[in-house]
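# Commentary on secondary and tertiary structure
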2 protein chains.
Amino acid sequence: MTKYSPIPAPTQSPSTADQEFRYQQLEQQLLAGIQQQRWRLGERLPSIRDLCQQFEASKATVQHALQRLEAQGLLEARPKSGFYVTLRPGAISPPQARNRLEPPQPVNVSQLLLDIMRRSAAFDILPGRPSGDLPPGIVALNRSIGRALRRQRGDDYLYYDDPAGLPALREQLCLHLSRRGCQLPVDQLAITSGCQHALFLALMACCKAGDVVAVESPGFYGLLQLLEQLQLQVIEIPSPTSTGMDPDALEAALARWPIRACIVSPAFSTPGGALMPDAHRQRLLTLAEQHDMAMIEDDIYADTAFATPPDPLKALDQHGRVILCSSFSKSLSRDLRLGWISGGRWHARILHLKLVTQLASSRSLQQGVADFLEDGSFSSHLRRQKYLLREQRDRLLAALRIWPGNHRISTPEGGLAVWLELDQDADTLTLYPQALQAGVVITPGPLFSASGQFHHCLRLSFAHDWTPSRLQALQTLSGLLVP
Amino acid sequence: MTKYSPIPAPTQSPSTADQEFRYQQLEQQLLAGIQQQRWRLGERLPSIRDLCQQFEASKATVQHALQRLEAQGLLEARPKSGFYVTLRPGAISPPQARNRLEPPQPVNVSQLLLDIMRRSAAFDILPGRPSGDLPPGIVALNRSIGRALRRQRGDDYLYYDDPAGLPALREQLCLHLSRRGCQLPVDQLAITSGCQHALFLALMACCKAGDVVAVESPGFYGLLQLLEQLQLQVIEIPSPTSTGMDPDALEAALARWPIRACIVSPAFSTPGGALMPDAHRQRLLTLAEQHDMAMIEDDIYADTAFATPPDPLKALDQHGRVILCSSFSKSLSRDLRLGWISGGRWHARILHLKLVTQLASSRSLQQGVADFLEDGSFSSHLRRQKYLLREQRDRLLAALRIWPGNHRISTPEGGLAVWLELDQDADTLTLYPQALQAGVVITPGPLFSASGQFHHCLRLSFAHDWTPSRLQALQTLSGLLVP
C-alpha cells in the first residue's frame, strides 16, 4: 500500500482555527489531499486504519471527517470496499436564473477585457504561462503544419488564397459537421481568422449601426465588446446556465422591440456551459422565422462535449436563417487563429466582407490543419481531451464545493468553465484588482452583461490542469471572498 | 562562343507579314530572343558576323535590325565591344495624368475583383499556379516557422496572444522601420492579419459611415471595395504614376469638401509604382494638419524598392496624424497573412478594434517570422528579390515596347506592376472576358477608380518570372488589343 507523507493543513485555514475540532482539521487535510491529487477522482482513499496512523487521529475522528466529506458529495462510501473520491452533481446548487429583461441599450463595456487579454489569461486564473510538454494532439498538429510548409511549391507564396478558404479544409469541416447531422455544401462554408472574426462578419452582413441584437445573459463578453464597436443596441435575454437562452423571454422581447439578429450558443454557452434542449432550439428557429430575424449560432464549444456533441442549430435551418460560426480555438488551439462560417442567405455578402477586410487566409496553415483532420488526428485529440476536461471540471467543482459562504455553481457537460454565483453582497469587480495583487486573475460577472448585472458572479475555467499553484490560487481567491 | 539554335519568328506576326522586309523579320526574331531570355539584360549579343551566319542574313540587314532595336532603347551599342541588351527608361512614354476631380460619391465597385481573387491571379496574367522550387528566402521562412512550432511548449496553445502582437516581432519591425528614419516605440506598433486588415482597422478607427475619404486615382482596388463596405464616400485625387497623389489636387478638394481621412501610398503606389517626392510628402502632412485630417499611409510596397527604400511618411509625423499600414505580402509572402499598424493618436482605438474583431494573431507564426528577421534572413531575401524584380520589370517593359498602337507605360523603381495606357478607344473591361477565354487574366483600369475612369488602361505585374508561357500570354494580349 502506498504511504503518504503527512499532508500540511491548508494555508488558508478558517478564522476559527483555534477553536476547531480535530475532525474539522482532518476534513480540511483530506480535502487538500483531494485537491492536490494525492487521491484522484475515482480512486479509493487509504483505509480508516491507515488514515488513523497517518494523521495520528482516533478512529472516531477519521470516521466523522469521512462522513462529512461524503455528505458534501466529495466521497462515496462503497460497502465492504472503502471511501472513493467522487462527485455527485446533485450535491451542487445550480445558479439561479433571475436576471431582468432590460430595454435595448448601447453597449458600454469596460477596458477590463483588454487588461485580461493582455495578461493572456482569459481562461486561466494564473497570469503567467507554464512550460512543459505539449499534449500529443498539438505536437501532431504542429508537425502537420510543418509538413504543409515544406510542401509549399513554386510561386505559391506569390498568391493569395481564395477568399472562401482552402477547399481541402472546407471539405474536412463539412465532413466533421455532417457527423452532427448538419449537411452543408462546401461552397456554403468559408474559412475565417477564428470565431470572433466569424461573428464580426456575421453581424456586419446582417445588421447596420443602431439595430437591436438579442444576446444571452450572462453571455460572451467578446461579443458585447464587438456589438459596442459596431454601434449595435443589445438586448439581454435571460439564459439559465442549465438550458441556455429562454425562448419565452426572447418571445416577450420580440413582442416589444424590433430585433434584427439573435446570437445564441446552444452547445455549452459561456460562461455557464448551458446545453439547450431540442424543443428550445426549435422554438428559437420558429421565432426567427416569424419575426424575420437572423440567428447567429456561436458553435465554438460544441467539440468540447464530454459525451457526443449535440447537433448544431444550423442542422435544423430550413430557410437559410442560421449563420453558423465556430473555430478551433476551444477544441484544439487558441494559437491557430482559424475559424469558419456558414452564412445561409447572407453567405455571399459575408464572403465579400472577408475579402475586403482581410483578403485571404494562409493556404499552408489551412493545408496543415486539413491534413490533421483527414488523417484522424483531430478525432483522436478530441477523444483524449474530453476525458481530461471532464476530470478537470470535476476537480474544480470539488474545490469550489468547500468554499465558505452560500454559493451556487453550474455543472456543464461540456465547455471550459463554470459559473459561480456568490452571496448577493459579493462584488467581483472590486475583487478583480485585489485578486490580481495576490497573483490571481478572475473573470468578473459584470463582464458577461451589457447592463452591469452579475456583480456577485464570476466565471472560473477548467481549461487547464489543476497544478498545485492553480489549486493554491483557488484557495487564495476563497480567502479573499471571506476575509 | 555559344551557338544558338535558330529563333522562330514570333507567333503573333504583324498583319503585314507578307510585305515585311528581311530586316523587320530579323528585328522581331531578335526581340523574341530578348523576351525569351536567350540574351538576358546586360548581356552582349552575338557578334554581327555570328548573327549573319545564324539568321542567314546579310551584314547590312543585321546592322539595320540592330540599329532599330538600339533606337527603341532595347540595345546599347558599346564602341569596340558590341551590342548589349539594355533598357533606357527615357525611351518609354509615361502615362498622362489627366483624370478629373469628381465630387465625393458612394463607392460601387463591381464583382470583378472577387472573380480575379478567386482565380488567385491578382498579380499574375496566368490563371493557374506553376510548380517548381521555392526561392531560398521562402524556404528559410518556412523553416523558421516550423522551428517556432516545434518550440511551442506547455499550455501555449491554450492562450491567445496579446492583441497587440508578439513583442519579439514588433521589436524586429521597429528596428526594420528605424533603418528608414522612422523611430517607433514598440507599444506604438500592433500586428494585424495583413495590410488590408490594417487599412480596415485604420478606417474603422478614424471614420464613421458617410464620411469623405480621399484616395489616389488610379488607386488600389481593394481599398475602394473596403470603402464601399464601410459606407464611406470617396473622392479620387489625381495621382500621376510618376509622383503619386497630387498635393494641389488634394488642396483643391479640401477647399470644397470635408475630408476626414486621406489614404496614400508614397512608396511605389499601385497600379503605376509612383514614388512621391519629399516636398509633396511634406505638403500632404501640412494639409492634414490644417484640415484636421487623418493620413493613412499604405507602405506595403516600400521593401520592393530597387534601390534604398524611401523613408515612410510616418517618419515625418510630428502630431500622431499618420497611421502607418503595411505587411509582408508584397516583400515576402502573400500566404503569411501578417501585417502591422502604427496608429498614432488612434492607436488605442485600433488595438481595441483588433481585439473585438479578431482577438489575436498566432504567436508561433509571429515567433517564426521574428526569428527570420532577427537572423538576417529577411534582409538577404530582400537583396536577392530586388535584383530579380528589377530584371522582371525590365523584361516586361521590353515586351510591352514592341506592342502595336500608341500606348504609354509607367517605369517604376519599385513595386510589382506597371500601368499601361492604351489608345483612348480601348476598353479593358470588354477585354477582360475575351482575355480570360484566351487563358489570360488582366486587371482592367476601371477597377482602380470609384468613378469608372481608366477604361483604356490596365495594370500588368512583373511579380513573376517571365516563363515562355507568360511571354506567350503577353503576346496573346497584344493580339487581342489589335485584332
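Residues numbered from 1 in each chain as written. Chains lettered and ligands numbered in written order. Predicted model: local features only at pLDDT ≥ 70, side-chain atom pairs only at ≥ 80, totals over all residues. Heavy atoms only, no water.

Before going further, it helps to spend a moment on the overall build of chain A. For chain A, the helix and strand inventory stands at 15 helices and 16 strands. Pairs at least 24 apart in sequence give 73% of the contacts found in chain A among residues at least 6 apart. Within the structure as shown, chain A displays about 18,200 Å² of accessible surface, and the carbon and sulfur contribution to it stands at 49%. (Helix = DSSP H or I, 4+ residues; strand = E, 2+ residues; numbered from the N terminus. Contact = heavy atoms within 4.5 Å. Areas by Shrake-Rupley, 256 points an atom, 1.4 Å probe, with all protein chains shown as cover.)

Right, let's get into the environment of Ser329 of chain B. Looking at the element boundaries, Ser329 of chain B is found in the loop between β11 (322–327) and β12 (339–342). Each C-alpha atom of the pair Ser329 of chain B and Ile300 of chain B lies 7.6 Å from the other, and the pair is 29 residues apart in sequence. The residues touching Ser329 of chain B, leaving out its near neighbours within four places in the chain, are Tyr160 of chain A together with Ile300, Arg334 and Arg337 of chain B. Polar side-chain contacts of Ser329 of chain B include one of 3.1 Å to the side chain of Arg337 of chain B. (Polar contact = N/O pair within 3.5 Å; in protein donor to acceptor, adjacent residues only side chain to side chain.)

This brings us to the sheet that holds strand β13 (residues 408–409) of chain A. Residues and elements named next belong to chain A. With antiparallel pairing, the four strands of this open sheet are ordered in space as β13-β14-β16-β15. Among the strands making up the open sheet, the edge pair consists of β13 and β15 (443–444). With two bridges joining them, β15 and strand β16 (residues 457–461) adopt antiparallel strand pairing. The residue of β16 that forms the bridge with Pro444 is Leu458. Here helix α13 (residues 377–401) sits on the sheet and contacts β13, β14 (417–421) and β16; the angle it forms with β14, its principal contact strand, is near 15°. (Pairing = 2+ DSSP bridges. Axes fitted to C-alpha atoms, helices over the stretch in contact; angles between N-to-C directions.)

The subject of this paragraph is the pairing of strand β12 (residues 339–342) of chain A. All names here are of chain A. Residues Gly339 and Ile341 line one face of β12 and the alternating positions Trp340 and Ser342 line the opposite face, and both faces are buried. The sheet contact formed by strand β4 (residues 190–192) and β12 spans three bridges and is antiparallel. The residue bridging Ala190 from the neighbouring strand is Ile341, located in β12. (Buried < 20%, exposed > 50% of the residue type's maximum accessible area, 1.4 Å probe, protein only.)

Looking now at the nonpolar core. Ranked by size, the top nonpolar core spans 160 residues in total, and within it Leu203 and Leu460 of chain A together with Leu203 and Leu460 of chain B carry the most contacts. Filtering out sequence-adjacent residues up to four positions away, Leu203 of chain A remains in contact with Val213, Leu223, Leu226, Leu227, Leu230, Leu232, Ile263 and Ile296 of chain A. (Core = buried A, V, L, I, M, F, W, Y, C linked by side-chain atoms within 4.5 Å.)

As enumerated under the stated definition, the model contains 28 salt bridges over all chains in all. Arg260 of chain A serves as the salt-bridge partner of Asp211 of chain A, at 3.0 Å between the closest nitrogen and oxygen. In this pair, Asp211 of chain A is assigned in the loop between α7 (195–206) and β5 (212–217) and Arg260 of chain A in strand β7 (residues 259–264), connecting sequence segments 49 residues apart. In this structure, Lys208 of chain B engages Asp211 of chain B in a salt bridge whose closest nitrogen and oxygen atoms are separated by 3.4 Å. Take Lys208 of chain B: its relative accessible area is 49%, and that puts it in the partly exposed class. (Salt bridge = Lys/Arg side-chain N within 4 Å of Asp/Glu carboxyl O.)

Per the stated rule, a full pass over the model turns up 19 aromatic pairs over all chains. With centroids separated by 5.6 Å and ring planes inclined at 80°, the aromatic side chains of Trp419 of chain A and Phe454 of chain A adopt a geometry described as edge-to-face. Of this pair, Trp419 of chain A sits in strand β14 while Phe454 of chain A sits in the loop between β15 and β16; the two residues are 35 residues apart in sequence, bridging distant segments of the chain. The class of Trp419 of chain A is buried, set by a relative accessible area of 1%. Seen in terms of ring centroids, Phe21 of chain B and Tyr23 of chain B are 5.7 Å apart; in terms of plane orientation they differ by 10°. Their pairing is stacked. For Phe21 of chain B, a relative accessible area of 52% gives the class exposed. (Phe/Tyr/Trp six-rings, centres within 6.5 Å; stacked < 30°, edge-to-face > 60°.)

Moving on: the pairing of strand β6 (residues 233–238) of chain A. Residue and element names in this part refer to chain A. Burial analysis of β6 places five of its six residues in the buried class, the great majority of the element. Pairing analysis gives six bridges linking β5 to β6, with the strands arranged parallel. If you follow Val215 over to β6, its bridge partner there is Glu236. In this fold, β5 hands off to helix α8 (residues 221–229), which returns the chain to β6; that crossover is right-handed. (Right-handed = clockwise from strand over helix to strand, strands pointing away.)

With that settled, the discussion passes to the environment of Pro446 of chain B. Here Pro446 of chain B is to be found in the loop between β15 (443–444) and β16 (457–461). In contact with Pro446 of chain B, other than residues within four places in its own chain, are Thr428, Leu429, Gly452, Gln453, Phe454 and His455 of chain B.

Taking 1.5 Å of rise per residue, the 14 residues of helix α1 (residues 22–35) of chain A would be expected to cover 20 Å, and the 20 Å separating its terminal C-alpha atoms lies within 8% of that figure. Taken as a whole, α1 of chain A has its buried residues at Tyr23, Leu26, Glu27, Gln29, Leu30, Leu31, Ala32, Gly33, Ile34 and Gln35 of chain A. (Expected span 1.5 Å × (residues − 1).)

With that settled, consider the side chain of Arg470 of chain A. Residues and elements named next belong to chain A. Inspection of the secondary structure assignment puts Arg470 in helix α15 (residues 468–481). By relative accessible area, Arg470 is classed as buried at 3%. Side chain to side chain, Arg470 and His464 meet in a polar contact 3.2 Å long.

Right, let's get into helix α12 (residues 363–374) of chain B. Helical geometry note: an α-helix holds 3.6 residues per turn, so side chains three or four residues apart project in the same direction. All names here are of chain B. The end-to-end C-alpha distance of α12, which contains twelve residues, comes to 16 Å, matching closely the 16 Å that a straight helix rising 1.5 Å per residue would cover. With ten of twelve residues buried, α12 lies mostly within the body of the structure. Within α12, the full set of buried residues consists of Arg363, Ser364, Leu365, Gln366, Gly368, Val369, Ala370, Asp371, Phe372 and Leu373. Looking at the buried residues of α12, the elements they touch are α5 (136–150), α6 (167–178), β4 (190–192) and α13 (377–401). At the N-terminal end of α12, a side-chain oxygen is found 3.3 Å from the backbone nitrogen of Leu365, two or three residues along, and the residue is Ser362. Count one or two residues on from α12 and you reach Gly376, which has phi positive near 85°.

This part covers the sheet that holds strand β13 (residues 408–409) of chain B. Residues and elements named next belong to chain B. Read from one edge to the other, the open sheet built from four strands follows the order β13-β14-β16-β15, with strand pairing classed as antiparallel. Of all strands in the sheet, those with a lone pairing partner are β13 and β15, marking the two edges. Where α13 meets the sheet, it contacts β13, β14 (417–421) and β16, and its direction lies at approximately 15° from that of β14.

Right, let's talk about unusual backbone geometry for a bit. Residue and element names in this part refer to chain B. In this model, Ser217 is joined to Pro218 through a cis peptide bond whose omega is 0°. Inspection of the secondary structure assignment puts Pro218 in the loop between β5 (212–217) and α8 (221–229). Of note, the amide linkage connecting Thr270 to Pro271 takes the cis form, showing an omega dihedral of 10°. Its location among the elements puts Pro271 in the loop between β8 (267–269) and β9 (274–275). One non-glycine residue, Phe454, lies in the positive phi region at around 65°. Residue classification places Phe454 among the buried positions, given a relative accessible area of 10%.

Residues and elements named next belong to chain A. Look at α1 against helix α3 (residues 59–71): their axes get within 8 Å of each other, and the N-to-C directions meet at 55°. Between α1 and α3, the interaxial angle falls into the category oblique. Note that α1 runs across α3; the crossing there is right-handed. Two secondary-structure elements touch here, α1 through Arg22, Tyr23, Leu26, Glu27, Leu30 and Leu31 and α3 through Thr61, Val62, His64, Ala65, Leu66, Arg68 and Leu69. The residue inventory of the contact of α1 with α3, partitioned by class, reads eight nonpolar, two polar and three charged. (Parallel < 35°, antiparallel > 145°, perpendicular 65-115°, else oblique. Left-handed = near helix turned anticlockwise from the far one by under 90°. Nonpolar A, V, L, I, M, F, W, Y, C, P; charged D, E, K, R; others polar.)

All names here are of chain B. By the element assignment, Ile296 lies in strand β10 (residues 294–298). The class for Ile296 is buried, based on a relative accessible area of 0%. A sequence separation of 32 residues divides Ile296 from Val264, and the C-alpha atoms of the two residues are 6.3 Å apart. Non-local contacts of Ile296, meaning those with residues more than four positions away in its chain, are made with Leu199, Ala202, Leu203, Cys206, Ala261, Cys262, Ile263, Val264, Ile323 and Cys325.

Now for the state of the cysteines. A complete count under the given rule lists zero disulfides over all chains for this structure. As a non-bridged cysteine, Cys325 of chain B has Cys195 of chain B as the owner of its nearest cysteine sulfur, 5.6 Å distant. (Disulfide = S-S within 2.5 Å.)

We now examine the packing of helix α2 (residues 48–55) of chain B against helix α3 (residues 59–71) of chain B. If you want to describe how two helices pack, look at the angle between their axes and the distance between the axes. Residue and element names in this part refer to chain B. At a closest axis distance of 9 Å, the pairing of α2 and α3 adopts a crossing angle of 110°. Judged on the interaxial angle alone, α3 and α2 are roughly perpendicular. Here Ile48, Leu51 and Cys52 of α2 come into contact with α3, specifically with Lys59, Val62, Gln63 and Leu66. Looking at side-chain class alone, the contact of α2 with α3 contains five nonpolar, one polar and one charged residues.

Our focus in this paragraph is a positive patch on the surface. A cluster of like positive charges, contributed by Arg143, Arg147 and Arg150 of chain A together with Arg143, Arg147 and Arg150 of chain B, occupies part of the molecular surface. Locating Arg147 of chain A in the fold gives a position in helix α5 (residues 136–150). On the basis of relative accessible area, Arg147 of chain A is assigned to the partly exposed category, the value being 31%. (Patch = residues over 30% accessible without salt bridge, like charges linked within 9 Å, V, L, I, M, F, W, Y side chains within 5 Å. Lys, Arg positive; Asp, Glu negative; His and termini not counted. Charge placed at Lys NZ, Arg CZ, Asp CG, Glu CD.)

This part covers the confidence of the model for chain A. Residue and element names in this part refer to chain A. Of all residues in chain A, 86% attain a pLDDT of 70 or more, and the chain-wide mean is 85. Mean pLDDT across the secondary structure elements of chain A bottoms out at strand β3 (residues 105–106), with 59, and peaks at strand β10 (residues 294–298), with 98. Per-residue pLDDT stays below 50 along residues 1–18; that stretch engages in 23 contacts with residues further than four places along the chain or on separate chains. (pLDDT = per-residue confidence, 0-100.)

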